[in-house]
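Summary of structural features
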Amino acid sequence: NSMSYILLLITLASGSAHVKHVGTYSTMSNCFDAREQIVEQLGRPIVNYQAVCVLHTEDSVTVPHS
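Worth saying up front: this structure is predicted, and the values here are computed from it rather than measured.

Observations concerning the state of the cysteines
Evaluation of the coordinates by the stated rule reveals 1 disulfide. For cysteine 31, the disulfide goes to cysteine 53, at an S-S distance of 2.2 Å. Disulfide cysteine 31-cysteine 53: torsion about the S-S bond near -105 degrees, hence left-handed. Of this pair, cysteine 31 sits in helix α1 (residues 28-42) while cysteine 53 is found in strand β3 (residues 49-57), placing the two residues 22 residues apart along the sequence.

Observations regarding α1
Compared with an ideal rise of 1.5 Å per residue, which puts 15 residues at 21 Å, α1 spans 21 Å between its outermost C-alpha atoms and is within 8% of the ideal. Along α1, the residues that are buried comprise Cys31, Ala34, Arg35, Ile38 and Val39. Down the axis of α1, the buried side of the element spans an arc of 150 degrees, and every buried residue falls inside it. Exposed and facing more than 90 degrees away from the buried side of α1 are Gln37 and Glu40. Here the buried face of α1 lies against β1 (3-13), β2 (16-25) and β3. Within two residues after α1, glycine 43 carries a phi angle of roughly 100 degrees, on the positive side.

Observations regarding the sheet that holds β1
A sheet is described by the order of its strands in space; here 3 strands give the open sequence β2-β1-β3, paired in antiparallel fashion. At either end of the open sheet lies a strand with only one pairing partner, and these are β2 and β3. Neighbour-to-neighbour, the strand axes of this sheet turn through a mean angle of 25 degrees, independent of strand direction. The sheet contact formed by β1 and β3 spans 9 bridges and is antiparallel. Counted as the bridge partner of tyrosine 5 is leucine 55 from β3. Strands β1, β2 and β3 of the sheet are contacted by α1, whose axis makes an angle of about 20 degrees with β1.

Conventions and cut-offs
- Residues numbered from 1 in each chain as written.
- Predicted model: local features only at pLDDT ≥ 70, side-chain atom pairs only at ≥ 80, totals over all residues.
- Heavy atoms only, no water.
- Disulfide = S-S within 2.5 Å.
- Helix = DSSP H or I, 4+ residues; strand = E, 2+ residues; numbered from the N terminus.
- Expected span 1.5 Å × (residues − 1).
- Buried < 20%, exposed > 50% of the residue type's maximum accessible area, 1.4 Å probe, protein only.
- Arc of directions from axis to C-beta.
- Contact = heavy atoms within 4.5 Å.
- Pairing = 2+ DSSP bridges.
- Axes fitted to C-alpha atoms, helices over the stretch in contact; angles between N-to-C directions.

Distances and angles like these do not, on their own, reveal function.
In structure tokens, the structure reads:
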């Protein structure tokens with residue numbers, strides 16, 4: 001199974017959430033480095049946004065419906 005880390009940027013504005021795929025990385029360390037650069041650009045404290053590294057495999061995920 002090929003695995004990678006996907007960096008997602010979640011921003012909140014006007015009552016809605018937006019998710020942007022920032023990049024794909026081969027290691028968690030590389031993903032965290034890129035995440036840190038985003039935090040440096042957008043600033044601290046981390047308010048109204050979050051950047052997360054999500055481990056990704058080629059397997060599909062079933063998302064429960066609310």
